[in-house]
Amino acid sequence: MVSIKKAIASKKILLKQIGKTSFWFCIGVLLGLFFLISFTFIIFQRLYSNTIYPGVYVEGINFGGKSQATVATYFALKNKAIANTSFTITSTDQAATVSAKEMQLGYDSDLLAQQAYTIGRSRDLFSNASIVFQAYVNGINLPAAYTYSPDILKQKIAPLVESVKVDPVDAVFSFQNGRVSTFRPSSNGQQGDVEKLKEVISTKIPYILAKGSPQSFSLELPIIVLKP
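For clarity, every value in this text was computed on a predicted model and none was experimentally measured.

Chemist: Is there a simple way to think about the overall build of the protein in this case?
Modeler: Along its length, the protein carries 8 helices and 12 strands. The long-range fraction of contacts in the protein, counting pairs at least 24 apart against all pairs at least 6 apart in sequence, stands at 68%. Working note: accessible area of the protein is about 15,100 Å², and carbon and sulfur atoms make up 58% of it.

Here it is in structure tokens:
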């Protein structure tokens with residue numbers, strides 16, 4: 001009976017030792033994998049220190065291994081192709097014309113280059129490794145970013161906007177000696193809705209860039225009615 005208890009106790013001790021050994025072995029393996037992955041990722045980062053990581057796309061174009069300058073130049077050339085696109089803004093018998101080149105309208109090439117390069121380059125090592133792995137396996141596609149200068153548009157159409165401006169007139173109605181001495185009806189005013197025009201132009205940009213060639217647009221200047 002005593003020998004059986006000793007055997008059971010010895011077996012328990014052996015199992016504990018095996019458990020501890022297995023535990024520390026697993027810890028060692030995990031630490032080894034961690035250092036191996038970290039070392040591999042550091043080497044990977046150095047290989048692509050000045051270029052975009054593999055699997056990073058911008059609007060469906062793979063720029064993996066390319067520099068920021070390559071991305072910026074690619075989209076700058078796209079903008080050049082549509083530079084002669086014109087917008088003719090009309091109201092009654094007057095008009096103002098502005099080109100895509102004048103408004104700096106097109107892809108935001110510098111922003112797209114920066115976004116592509118910064119993929120997988122945050123301060124979080126684990127997040128970076130995860131994003132880079134995702135890009136390498138499945139690819140990461142950045143959507144297009146567009147830009148134009150609203151200030152230049154506003155400057156170009158300023159004479160047109162000023163020509164349509166009409167101040168509202170308040171009604172005048174006064175009595176003197178029990179009779180109406182002065183009467184003037186009110187009338188609405190108006191002004192050009194530049195903000196609405198900006199929205200309309202913004203919606204045209206993806207279409208223009210998809211065409212990839214100069215287009216011509218005739219747009220009516222939106223009007224805001226001003227109440228007296």
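Chemist: Whenever I open this one, the side chain of Thr85 confuses me. Can you help?
Modeler: Here Thr85 is to be found in the loop between α2 (68-81) and β3 (86-91). In terms of polar contacts, Thr85 uses its side chain to reach the backbone carbonyl oxygen of Ile82, at 3.0 Å. Contact partners of Thr85, with chain neighbours within four places excluded, come to Val98, Ser99, Ala100, Ile208, Ser213, Pro214, Gln215 and Phe217.

Chemist: Would you take a moment to explain the nonpolar core for this structure?
Modeler: Nonpolar side chains in soluble globular proteins tend to be buried together. If you look at the biggest cluster of nonpolar residues, it comprises 42 residues, and the most contacted ones within it are Phe87, Ile89, Met103, Leu105, Ile157 and Ile201. No other element matches helix α8 (residues 194-211), which puts 6 residues into this core.

Chemist: Can you help me understand unusual backbone geometry in this one?
Modeler: Working note: non-glycine residues mostly have negative phi, and peptide bonds are mostly trans. A positive phi angle is found at Thr92, which is not glycine, with a value near 50°. Mapped onto the elements, Thr92 comes out in the loop between β3 and β4 (94-99). Since its relative accessible area comes to 73%, Thr92 is described here as exposed. Positive phi outside glycine occurs at Gln104, with the angle close to 55°. For Gln104, the position within the fold is in the loop between α3 (100-103) and β5 (106-107).

Chemist: Could you clarify how one ought to interpret helix α4 (residues 109-118) in this entry?
Modeler: Two residues of an α-helix separated by three or four positions point the same way, owing to the 3.6 residues in each turn. Every buried residue of α4 is accounted for by Ser109, Leu112, Ala113, Ala116 and Tyr117. Projected down its long axis, α4 carries its buried residues within an arc of 130°, all on one side. Following α4 by one or two positions, Gly120 has its phi on the positive side, about 80°.

Chemist: Mind showing me how you'd approach the sheet that holds strand β6 (residues 140-142) here?
Modeler: Backbone hydrogen bonds hold the strands of a sheet together, and the pairing may be parallel or antiparallel. On the basis of which strands lie adjacent, the open sheet formed by 3 strands has the order β2-β1-β6 and mixed pairing. What marks the edges here is a single partner per strand, and that holds for β2 (61-62) and β6. Two strands pair when backbone bridges link them, and strand β1 (residues 56-58) and β2 are joined in this way by 2 bridges, in the antiparallel orientation. Bridge pairing links Val58 to Ile61 in β2.

Chemist: Got a minute to help me understand a nonpolar patch on the surface in this structure?
Modeler: Together, Phe133, Tyr136 and Val137 give the surface a local cluster of nonpolar side chains, amounting to about 380 Å² of exposed area. Tyr136 gets classed as exposed once you look at its relative accessible area, which sits at 59%.

Chemist: Help me understand the packing of aromatic side chains in this model?
Modeler: The geometry of two aromatic rings is summed up by the distance between their centres and the angle between their planes. Applying the stated criterion across every chain yields a total of 8 aromatic pairs. Taken together, the aromatic side chains of Phe63, Tyr74, Phe75, Tyr107 and Tyr146 make up a single cluster linked through ring pairs. Residue placement shows Arg121 over the ring face of Tyr53; its charged tip is 4.1 Å from the ring centre. Positioned above the aromatic ring of Tyr117 is the side chain of Arg121, whose terminal nitrogen or guanidinium carbon lies 4.0 Å from the ring centre.

Cut-offs used in this document
Residues numbered from 1 in each chain as written. Predicted model: local features only at pLDDT ≥ 70, side-chain atom pairs only at ≥ 80, totals over all residues. Heavy atoms only, no water. Helix = DSSP H or I, 4+ residues; strand = E, 2+ residues; numbered from the N terminus. Contact = heavy atoms within 4.5 Å. Areas by Shrake-Rupley, 256 points an atom, 1.4 Å probe, with all protein chains shown as cover. Polar contact = N/O pair within 3.5 Å; in protein donor to acceptor, adjacent residues only side chain to side chain. Core = buried A, V, L, I, M, F, W, Y, C linked by side-chain atoms within 4.5 Å. Buried < 20%, exposed > 50% of the residue type's maximum accessible area, 1.4 Å probe, protein only. Arc of directions from axis to C-beta. Pairing = 2+ DSSP bridges. Patch = residues over 30% accessible without salt bridge, like charges linked within 9 Å, V, L, I, M, F, W, Y side chains within 5 Å. Salt bridge = Lys/Arg side-chain N within 4 Å of Asp/Glu carboxyl O. Phe/Tyr/Trp six-rings, centres within 6.5 Å; stacked < 30°, edge-to-face > 60°. Lys NZ or Arg CZ within 6 Å of the ring centre and 35° of its normal.

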